[in-house]
Amino acid sequence: MTSQEQTSQMPEVERVVRELAGWERPSASAGERRAADWIVERLRSLGVEDVRIEEEPAHGGYWWPLGMLSAFSGVAALLGGRVTRAVVGAVTALGIWDELGLHRGVWTRRLVRRRTTSNVVAELGAREADRCVVIIAHHDAAHSGAVFDPTVTHALARRFPHVLDRMRWWPRIMGLVFAGPVCVALGFRRLGAALSFGSAAAFADIGRSPVVPGANDNLSGVAALIAVAERLVRDPPDGIRVVLLSAGSEESFEEGSQAFMRRHRVELDGLRTQVIAIDSVGSSRLILVEGEGMLKHTEYDRPLKNTIERAADQAGIPIIREHWLSFGSDALAGIRAGYPSALVASFDEYKLPANYHWPTDVPDNVDFGTIAEAATVVEGAVRQLGGSG
């Protein structure tokens, strides 16, 4: 049997992951665009008629702006006088807050060249429907880096299982990035320099590290999105408009999904639109994340989370509701745009997305059953939001 014949016999979710994982897909790249073109053709082959690519400006990376800000802070700590340290520390702290706390990067990325990212947008149902749901996944993949090495994290989790059992989110390590320039501004010179230069080194390492295959993060989400599309085409829901967004440049702090929200905010009425993000659903345990935040705590919409949980219960699918995300997802784009938003994800026995930003994030390490469960839950939630669930 040829490889093409083998691929044709795979379940839909596995076909998507295995096909796209072989392509290098950094944010705002030619590989990302190639994946977007493939997703468009796959959706059309399943019967989705209204599908297109929207190009948006994006920088495609977070490591250079954050690394430069951290380096400026460190240099000021070592070489600057008291006033210089206070000013540079305060300015760089504000810049890092803009990146990590607000995910805007409005002025911190002006020294970084701008490229083009590709969003795949598909629509089902009547535009005049009373309700609308935007379902988001992303098809770009992340850079690796030593900071993502899971060896120490897994060892600590095995050594202290009682702590892991009580843990509801992993420490916000990005807080150390923000703490560096804050310490410099406040006069804690040595500590500020150590934290700032440590952050700069970590970001430089991420920027130089290879792009991972991204089978779990987030081709699993793309596969679930396409599976939902296939089911909704086969059995259209009543009373709801469904917008499917496979975003680019999520790994550069949701640049693709934020651009989508800006482009469509006039037509997407905040009183009738909700957002469900699907990210990293290829681990062993499906979860309904409670909220997220790198520096500040943001809870997802409780009624929407309850709707998703009911859909899981009706399908007989276990879904865990206890965990908070210490990083960011496309759900944050919905929150920033003012829409009720939620995130469906998964984690492994260590309460982490399996193989997160690591070279082992390959199709053979993906739980395809969890992807299928995520698609079932999201489809059920869509039908409930439309009043037919």
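Description of the structure in this document. Small disclaimer: the values here were computed from a predicted structure and weren't measured. (Residues numbered from 1 in each chain as written. Predicted model: local features only at pLDDT ≥ 70, side-chain atom pairs only at ≥ 80, totals over all residues. Heavy atoms only, no water.)

**Some thoughts on the overall build of the protein chain**
Then step 1. Each helix and strand counted, the protein chain has 14 helices and 10 strands in total.
Then step 2. Taking 21 Å as the expected radius of gyration for a compact globule of 389 residues, we find that the protein chain reaches 21 Å, a close match to that expectation.
Then step 3. Projected onto its principal axes, the C-alpha positions of the protein chain cover 70 × 50 × 40 Å.
Then step 4. Looking at the protein chain residue by residue over its 389 residues, the buried ones come to 57%.
Then step 5. Sequence-distant contacts in the protein chain: of pairs separated by 6 or more residues, those separated by 24 or more amount to 85%.
Then step 6. Working note: accessible area of the protein chain is about 16,200 Å², and carbon and sulfur atoms make up 55% of it.
Then step 7. Positive and negative charge centroids in the protein chain, built from 42 and 48 side chains respectively, lie 8 Å apart. (Helix = DSSP H or I, 4+ residues; strand = E, 2+ residues; numbered from the N terminus. Rg over C-alpha atoms; globule rule 2.2 N^0.38 Å. Buried < 20%, exposed > 50% of the residue type's maximum accessible area, 1.4 Å probe, protein only. Contact = heavy atoms within 4.5 Å. Areas by Shrake-Rupley, 256 points an atom, 1.4 Å probe, with all protein chains shown as cover. Lys, Arg positive; Asp, Glu negative; His and termini not counted. Charge placed at Lys NZ, Arg CZ, Asp CG, Glu CD.)

**Let's talk about the sheet that holds strand S10 (residues 341-347)**
Then step 1. The seven strands are arranged S1-S2-S4-S3-S5-S10-S6 in an open sheet whose pairing can be described as mixed. Two strands close off the open sheet at either side, each with one partner strand: strand S1 (50-58) and strand S6 (285-289). The average undirected angle you get between the axes of adjacent strands in this sheet is 20°.
Then step 2. As defined by bridge partners, strand S3 (residues 131-138) adjoins strand S4 (residues 240-247) across eight bridges and the pair is classed as parallel. Within S4, the residue paired with Ile136 across the bridge is Leu245. (Pairing = 2+ DSSP bridges. Axes fitted to C-alpha atoms, helices over the stretch in contact; angles between N-to-C directions.)

**Examining the pattern of salt bridges**
Then step 1. In this structure the tally under the stated criterion is 27 salt bridges.
Then step 2. Of the charged contacts, one joins Asp37 and Arg33 as a salt bridge, the two residues approaching to 3.1 Å between their closest N and O atoms. Residue Asp37 and its partner Arg33 are located together in helix H3 (residues 30-45), separated by four residues, close to a single helical turn.
Then step 3. Given a relative accessible area of 36%, Asp37 falls into the partly exposed group.
Then step 4. Two residues, Glu309 and Arg321, come together in a salt bridge whose shortest N-O distance is 3.1 Å. You can see Glu309 sitting in helix H12 (residues 302-315) and its partner Arg321 sitting in the loop between H12 and strand S9 (324-325), a full 12 residues away along the chain.
Then step 5. Take Arg321: its relative accessible area is 25%, and that puts it in the partly exposed class. (Salt bridge = Lys/Arg side-chain N within 4 Å of Asp/Glu carboxyl O.)

**Some remarks on the environment of Arg159**
Then step 1. By the secondary structure assignment, Arg159 is in helix H6 (residues 151-159).
Then step 2. On the basis of relative accessibility, which here comes to 57%, the residue Arg159 falls in the exposed class.
Then step 3. Between the C-alpha atom of Arg159 and that of Gly175, which follows or precedes it by 16 residues, the distance is 25 Å.

**Considering the packing of helix H2 (residues 12-21) against helix H10 (residues 215-234)**
Then step 1. As a packed pair, H2 and H10 sit with axes 8 Å apart at the nearest point and diverge in direction by 140°. Considering their axes alone, H2 and H10 lie oblique with respect to each other. Considering how the two elements wind past one another, H2 and H10 form a crossing that is right-handed. Residue-level contacts link Glu12, Val13, Val16, Val17, Leu20 and Ala21 of H2 to Ala215, Leu219, Ser220, Val222, Ala223, Ile226, Ala227 and Glu230 of H10.
Then step 2. For the contact of H2 with H10, the residue count by class is 11 nonpolar, one polar and two charged. (Parallel < 35°, antiparallel > 145°, perpendicular 65-115°, else oblique. Left-handed = near helix turned anticlockwise from the far one by under 90°. Nonpolar A, V, L, I, M, F, W, Y, C, P; charged D, E, K, R; others polar.)

**Regarding the sheet that holds strand S7 (residues 291-292)**
Then step 1. The strand order across the open sheet built from three strands is S8-S7-S9, with neighbouring strands paired in mixed fashion. Two strands lie at the open edges of the sheet, namely strand S8 (298-299) and S9, each paired on one side alone.
Then step 2. Examined bridge by bridge, S7 and S9 share two bridges and lie parallel to one another. Pairing of Gly291 across the sheet is with Trp324, part of S9.

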